[in-house]
Amino acid sequence: MLLAFSAFGGTLVTSAFAQTAASQTATSLTSAASVAPAGGTSGAGNAENVVVTGSFLRSSNNTAADPVQIITSRQIQQTSATNLGDYLSRLPSIGSSGTGNTQTNGGDGVSCTDLRNLGQNRVLILIDGKRTAINGQAACVDLNSIPLNEIASIEILKDGGSELYGADAVAGVVNIKLRHDVNTANLMVKGGVSQYGDGLSGLISGTKGFNFDHDRGNITIFGQYNTTQGIRQRDRDWSANPQLSNPVAGPGVTPVYGSSIPPAARVLDASGNLNLVSDQNGTTFHDFTKADRFNFGQYQYLTNQIQNSSLSGDAHYDVDRHLDVYANVRYSHRTSFMQMAAAPVTGSIYPSTLPSSFVLPAGNPYNYWGEDVDLYKRMNDLGPRRENNATDTYTVIAGGKGELWYGWNYDASMTYGWNQTTDSYNNMGNYAHLEQELGVQQLDPTDPNSAVVYNPTVCTSQPGCVLQNPFQPYSAAAANYGKFTEHDHAYYQLRDFNLRLNNDKVAKLPYKNGGNLGLAFGMEHRSEQLSYSPDPLVASGQTTGNTSSYTGGGFNVNEVYGEAQLTLLHNAPLARDLTVDAQGRWSSYNTFGSTQNWKSSIVWAPTRDVRFRATLGTSYRQPNVYELYGGSSLGYNAAVDPCAQAGSYGGLSPNVIANCMRQGVNPATFVDANSGQVPTISGGNAKLQPETGRTYTIGAVLTPHWVRGLSVSVDYWHYTLKNMISPLQTQYILDGCYTGANPGYCSDISARTNTGQLTTVTGLDQNLGGLKTSGIDFDLDYRLRLSPMDVLTVSNNFQQIVSYLQQNEPGGAWFNYAGRLFYQGGVGILDGGGIPRVTDYATATWQHGPFALTYMMHYTGGMVWNNGTQDLTAKTAGQWRTPGIFSHDLTLAYRLRNWNFEAGVNNILDKKPPFVFDSASNTNLAQYSTLVVGRYVFLQAGVDF
């Protein structure tokens with residue numbers, strides 16, 4: 001039986017799938033450090049009293065109604081993962097709409113997981129059954145900050161959990177169980193490198209624990225430092241030159257590569273007669289061609305560079321059976337680094353009132369055309385944009401637990417969590433200063449479309465300003481005046497008070513084969529505050545990058561919850577077990593008032609070999625601080641101007657062409673300067689209402705006694721969400737307007753520039769339509785002893801998506817996104833990944849004495865590309881789908897007395913990520929993050945003492 005600490009009552013944990021995994025763990029090359037329940041007991045006498053995530057009551061082995069998957073520390077250890085997020089991305093139930101370490105543009109170095117493709121803000125991350133501090137910038141729990149050496153196991157509740165754990169557990173719960181009562185010491189080092197000599201990773205960890213006062217108390221200290229080197233885009237052939245168009249294949253038709261905004265300034269006029277590029281000598285020019293496009297992939301990172309230092313302390317002392325006092329302190333300091341190409345400049349950004357176009361006035365001595373012209377210029381002279389993110393997180397939990405009276409147990413605790421994040425961006429452009437260096441003066445400074453004149457004194461009157469010829473390399477003085485270092489700050493605070501009571505045997509039913517009645521109750525008070533303060537230049541829109549506004553706010557909630565579990569029959573004919581369970585939670589928010597959520601479940605085992613189970617429950621999620629109070633900000637969302645792809649809309653193409661022509665844009669000659677990105681204004685909405693949902697699961701577990709060591713389960717699951725909180729995606733808004741499918745969206749699109757380019761699209765958070773998704777999970781674990789020295793262990797996790805129906809607006813059409821990949825970014829609640837119909841993760845371990853060889857296989861099914869509105873086809877695009885992808889890993893382990901050694905190879909066949917037209921990296925980094933590094937080799941050594 002797999003034993004792992006549970007935060008509630010010092011009990012043990014298992015699941016319907018754990019029996020085989022437990023056997024594997026018991027015989028594998030694990031650390032000698034012990035893992036036992038808090039309170040100093042070994043648990044040997046309580047093997048039948050277990051708690052599974054999804055319940056606060058102990059029950060018999062393998063009786064949980066909820067589908068729960070258990071991951072052991074050993075399973076994580078046998079991979080190359082140095083952080084938890086990288087490991088979880090292997091699992092079929094983990095979606096691709098979270099934030100991963102491959103998200104370098106806007107990821108801020110965090111790793112946040114997603115469950116069932118419902119979004120990272122709809123899965124609740126718990127540590128030892130209780131909430132923990134989130135990252136204040138990303139508003140999610142950063143898995144990079146959780147040290148691997150402290151993890152005993154992970155339980156994934158693949159079912160809604162709002163009725164027991166509160167808001168955010170819409171898709172389910174990931175409960176990370178930490179190691180406690182360690183009474184030994186351990187040192188471990190781990191390192192790896194890709195076959196290309198990059199992506200280096202290193203990890204060193206140490207653990208020391210000891211008991212005192214005749215084993216009544218324990219103190220354990222954990223420390224870990226890990227680092228992962230970022231990978232440059234230019235160092236992978238498949239991403240070195242980003243593709244910016246996806247034309248229908250034909251004779252002489254080739255894709256376009258690189259950005260249309262070159263370092264050598266591009267010159268355009270309002271009439272469309274000029275389309276020149278500087279020869280960078282200050283005086284001569286040539287017509288713009290594909291050869292002038294800028295390959296920004298040479299400067300960017302595919303993965304973040306990450307360093308994390310963590311220190312944890314855990315202690316408890318048994319006063320008596322009525323009181324066990326405990327405390328846990330966790331601290332993490334993480335830094336990350338990423339790089340992007342130098343900023344492009346085409347004009348001002350929201351909410352600035354500076355000129356909407358980067359104008360070179362007619363009177364400027366370097367203007368050779370006698371009229372105002374627009375410049376599109378990549379500011380390479382300022383240097384590449386570099387982000388340094390530093391974040392500190394700590395969580396303190398303290399409490400007491402024990403037996404109150406006659407089987408009634410309690411757990412009272414207080415959790416305090418805190419996070420502070422600082423972002424620094426080097427070489428950001430100061431748009432006001434760049435305009436001054438061209439001598440640009442607005443006649444009406446309050447109007448971004450104001451006429452401008454040349455006035456050199458706007459520069460010469462400012463200290464440090466240098467009048468500059470934009471068609472020559474900028475001088476060092478001019479570059480220094482034109483750039484600045486941006487500093488943004490975020491802060492988060494959590495206070496959580498918990499009281500839990502439970503009794504597994506309140507009463508016994510008064511008839512033969514009647515079982516026990518168990519009751520659990522709890523009260524919780526939680527408050528959360530969050531603030532985000534952008535750089536003043538960013539808030540005012542005076543930069544060449546994104547803009548953000550101050551965000552601040554919080555909420556508090558009082559909650560009462562309860563659970564009743566009744567075993568109607570036990571060891572009866574055709575009812576070895578018949579148990580029903582009911583859970584409910586009442587919550588009162590200071591923002592939205594009160595709400596109630598409930599869940600009911602049933603387990604029926606006609607024999608000891610087969611068990612049927614089902615659950616039905618509701619879910620609830622209140623808007624988070626960013627969604628509710630977030631100020632307006634401008635970013636560059638993945639999207640394509642409809643006027644640049646008017647022929648791709650099939651029967652609606654004539655509508656698109658007509659709408660473009662009405663705005664003075666000829667789709668036949670129009671060149672989109674936004675390079676697959678469209679400026680988009682996003683922000684919170686004080687009128688948002690909470691999301692609600694309903695979830696049900698139906699499944700069976702087979703553990704045949706005639707096949708010892710075999711466990712098979714199959715579950716059908718279904719989620720329904722209403723009032724989804726999300727912005728409409730940029731492409732969806734553009735397509736709805738220009739095709740005429742939803743003319744109301746045209747009001748969200750600002751007027752174009754005088755050269756026909758899109759300026760901004762507004763997509764604020766709102767309550768959209770609904771979501772209905774369903775699927776089938778198939779899990780298999782089998783342990784077979786081949787000889788006294790040889791054991792074979794096989795495990796397989798399989799997920800089949802049946803449907804993924806999403807309604808992107810109230811009362812609107814339903815779109816089935818199952819089997820679709822969002823190549824331009826997310827739509828609705830999705831964030832840039834895809835919904836493969838089939839995913840699978842299989843492992844096989846052969847153990848021979850002190851040796852163990854493990855093979856791991858991951859499969860992602862093929863998908864059709866979708867832009868949020870329609871599927872691409874062979875008639876509308878040159879490339880329109882990705883095939884199914886296999887990857888394979890291998891790990892060899894050896895134990896020599898107190899030493900553990902491991903060597904492994906990830907992605908043995910060096911499988912490349914499939915091409916995806918994303919206008920940035922030539923693949924979908926969210927979906928295929930495990931393939932980005934390529935073939936990867938790692939070594940690990942550890943010693944117990």
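Here the residue numbers are simple positions, counted from 1 along each chain's written sequence. It should be noted that, the model being predicted, local features are given only for residues of pLDDT at least 70 and side-chain atom pairs only at 80 or more, the latter also being counted only at that level, while totals for whole chains, interfaces and linings use all residues. Heavy atoms from the whole structure form the basis of all side-chain values; hydrogens and water molecules are not counted.

Trainee: Help me out: how do you make sense of the pairing of strand β1 (residues 68-72) in this one?
Mentor: When a strand is regular, its side chains alternate between the sheet's two faces. Burial classification: accessible surface area is computed with a 1.4 Å probe over protein chains only, and a residue below 20% of its type maximum counts as buried, one above 50% as exposed, and the rest as partly exposed. Here a strand is any run of E in DSSP of at least two residues, a helix any run of H or I of at least four, and the numbering for each starts at the N terminus. Taking burial as the measure, the five residues of β1 include five buried ones, the bulk of the element. Of the two faces of β1, the one holding Val68, Ile70 and Thr72 and the one holding Gln69 and Ile71 are both buried throughout. Examined bridge by bridge, β1 and strand β4 (residues 151-157) share five bridges and lie antiparallel to one another. The residue of β4 that forms the bridge with Val68 is Leu157. The pairing criterion for strands is at least two bridges between them, as found by DSSP.

Trainee: What should I look at first to understand the pattern of salt bridges in this one?
Mentor: It is possible for side chains of opposite charge to pair when their charged atoms get near one another. For this analysis, a salt bridge means a side-chain nitrogen from Lys or Arg found within 4 Å of a carboxyl oxygen belonging to Asp or Glu. By the definition in use, this model includes 28 salt bridges. Taking the shortest distance from any N to any O, the salt bridge between Arg526 and Glu559 comes out at 3.3 Å. Remark: Glu559 occurs in strand β23 (residues 551-572) and Arg526 occurs in strand β22 (residues 516-533); sequence separation between them is 33 residues. We note a salt bridge from Arg613 to Asp715, for which the minimum N-O separation is 2.8 Å. In this pair, Arg613 is assigned in strand β26 (residues 610-621) and Asp715 in strand β30 (residues 710-722), connecting sequence segments 102 residues apart. The network of salt bridges with shared partners includes Glu524, Arg526, Glu528, Glu559 and Arg585.

Trainee: Got a minute to help me understand unusual backbone geometry in this structure?
Mentor: Residues Tyr350 and Pro351 are joined by a peptide bond in cis, for which omega reads 0°. If you trace the backbone, Pro351 turns up in the loop between β14 (344-345) and β15 (359-360). One non-glycine residue, Asn117, lies in positive phi territory at about 60°. Mapping Asn117 onto the fold places it in the loop between α3 (84-88) and β2 (123-127). The exposure class assigned to Asn117 is buried, which follows from its relative accessible area of 6%. Notably, Asp181 is not glycine yet its phi reads approximately 60°, a positive angle. The exposure class of Asp181 is buried, given its relative accessible area of 6%.

Trainee: Explain the environment of Ser309 here, please?
Mentor: Within the secondary structure layout, Ser309 lies in strand β12 (residues 305-320). Here Ser309 falls in the partly exposed class, since its relative accessible area comes to 31%. Along the backbone, Ser309 and Ala451 are 142 residues apart, and their C-alpha atoms lie at a distance of 54 Å.

Trainee: Which parts of the structure should I look at to understand the sheet that holds strand β41 (residues 881-882)?
Mentor: Sheets are built from strands that pair by backbone hydrogen bonding, the pairs being arranged parallel or antiparallel. In spatial order, the strands read β37-β40-β41; together these three strands make up an open sheet with mixed pairing. Each having just a single partner strand, β37 (820-822) and β41 make up the two edges of the open sheet. Strand direction decides the pairing type here: β37 and strand β40 (residues 863-866), joined by three bridges, are parallel. In the sheet register, Phe822 faces β40, and the bridge partner there is Asn866.

Trainee: Would you explain the environment of Met414 in this entry?
Mentor: For Met414, the position within the fold is in strand β18 (residues 408-429). Residues Met414 and Gly400 lie 14 residues apart in sequence; the distance between their C-alpha atoms is 9.7 Å. We call two residues in contact whenever any of their non-hydrogen atoms come within 4.5 Å of each other. The residues contacting Met414, other than those within four sequence positions of it, are Val396, Ile397, Ala398, Arg495, Asp496 and Phe497.

Trainee: Help me understand the side chain of Ser205, please; the structure alone is not making it clear to me.
Mentor: In this structure, Ser205 sits in strand β7 (residues 201-212). Residues within four places of Ser205 in sequence aside, it is in contact with Asn149, Asn186, Leu187, Met188, Gly223 and Gln224.

Trainee: In this structure, what is going on with helix α11 (residues 730-738)? I would like to understand it.
Mentor: What sets the pattern is the α-helix's 3.6 residues per turn: residues three or four places apart point alike. By the criterion of burial, α11 is predominantly enclosed, with nine of the nine residues buried. Of the positions making up α11, those classed as buried are Thr730, Gln731, Tyr732, Ile733, Leu734, Asp735, Gly736, Cys737 and Tyr738. For α11, the elements touching its buried residues are β27 (633-638), α10 (653-662), β28 (677-682), β32 (761-762) and β36 (814-816). Backbone geometry just after α11 places Gly740 at a positive phi near 85°.

Trainee: Would you mind going over the state of the cysteines with me for this structure?
Mentor: Counting rule for disulfides: a pair of cysteine sulfur atoms within 2.5 Å. Evaluated as defined, the whole model comprises four disulfides. Here Cys459 pairs with Cys465 through a disulfide, and the sulfurs are 2.0 Å apart. Looking down the S-S bond of the Cys459 and Cys465 bridge, the torsion is -115°, so its handedness is left-handed. Under the relative-accessibility criterion, Cys465 is labelled buried at 13%.

Trainee: Looking at this model, I keep getting lost on the nonpolar core. Mind explaining?
Mentor: Within the largest apolar cluster, 68 residues are counted, with the highest numbers of intra-cluster contacts made by Leu84, Ile176 and Tyr738. Considering each element in turn, this core owes the most residues, five residues, to α11. Nine residue types can take part in a nonpolar core, namely buried Ala, Val, Leu, Ile, Met, Phe, Trp, Tyr and Cys, and a core is a set of them joined through side-chain atoms within 4.5 Å. Counting 23 residues, the second largest nonpolar core, distinct from the first, contains Phe358, Leu438, Val440 and Phe471.

Trainee: How should the packing of aromatic side chains be read in this particular structure?
Mentor: The criterion for an aromatic pair is that two Phe, Tyr or Trp rings (for Trp, the six-membered ring) have centres within 6.5 Å, with stacked assigned to planes under 30 degrees apart, edge-to-face to planes over 60 apart and tilted to the rest. A full pass over the atoms with the stated rule returns 31 aromatic pairs. Between Trp717 and Tyr719 the ring centres are 5.8 Å apart and the planes differ by 65°, which places this aromatic pair in the edge-to-face class. Each of the two residues, Trp717 as well as Tyr719, counts as buried. With centroids separated by 6.0 Å and ring planes inclined at 55°, the aromatic side chains of Tyr732 and Tyr745 adopt a geometry described as tilted. Of this pair, Tyr732 sits in helix α11 while Tyr745 is found in the loop between α11 and β32, placing the two residues 13 residues apart along the sequence. By the ring-pair criterion, three or more aromatic residues cluster together here, those being Tyr732, Tyr745, Phe815, Tyr817 and Phe822. The ring of Phe670 carries the charged tip of Arg752 above its face, separated from the ring centre by 5.9 Å. Above the plane of the ring of Trp814 lies Lys772, whose end atom (NZ or CZ) is 4.9 Å from the centre. Only when the NZ atom of a Lys or the CZ atom of an Arg is both within 6 Å of the ring centre and within 35 degrees of the ring normal do we say a charge sits over the ring.

Trainee: Is there a simple way to think about a nonpolar patch on the surface in this case?
Mentor: Patch definition: residues above 30% relative accessible area lacking any salt bridge, with like charges linked at up to 9 Å and the nonpolar side chains Val, Leu, Ile, Met, Phe, Trp and Tyr linked at up to 5 Å. Only the protein chains shown count as cover for residues, and all accessible areas are computed by the Shrake-Rupley method using a 1.4 Å probe. A grouping of Leu784, Leu786, Trp846, Phe851, Leu853, Tyr855, Leu890 and Leu892 is seen on the molecular surface, where their side chains present a nonpolar patch of about 680 Å² in accessible area. Elements represented by at least two residues in the nonpolar patch include exactly β34 (770-787), β39 (851-860) and β42 (885-896). The element best represented in the nonpolar patch is β39, accounting for three residues. Among the secondary structure elements, Leu786 is positioned in strand β34.

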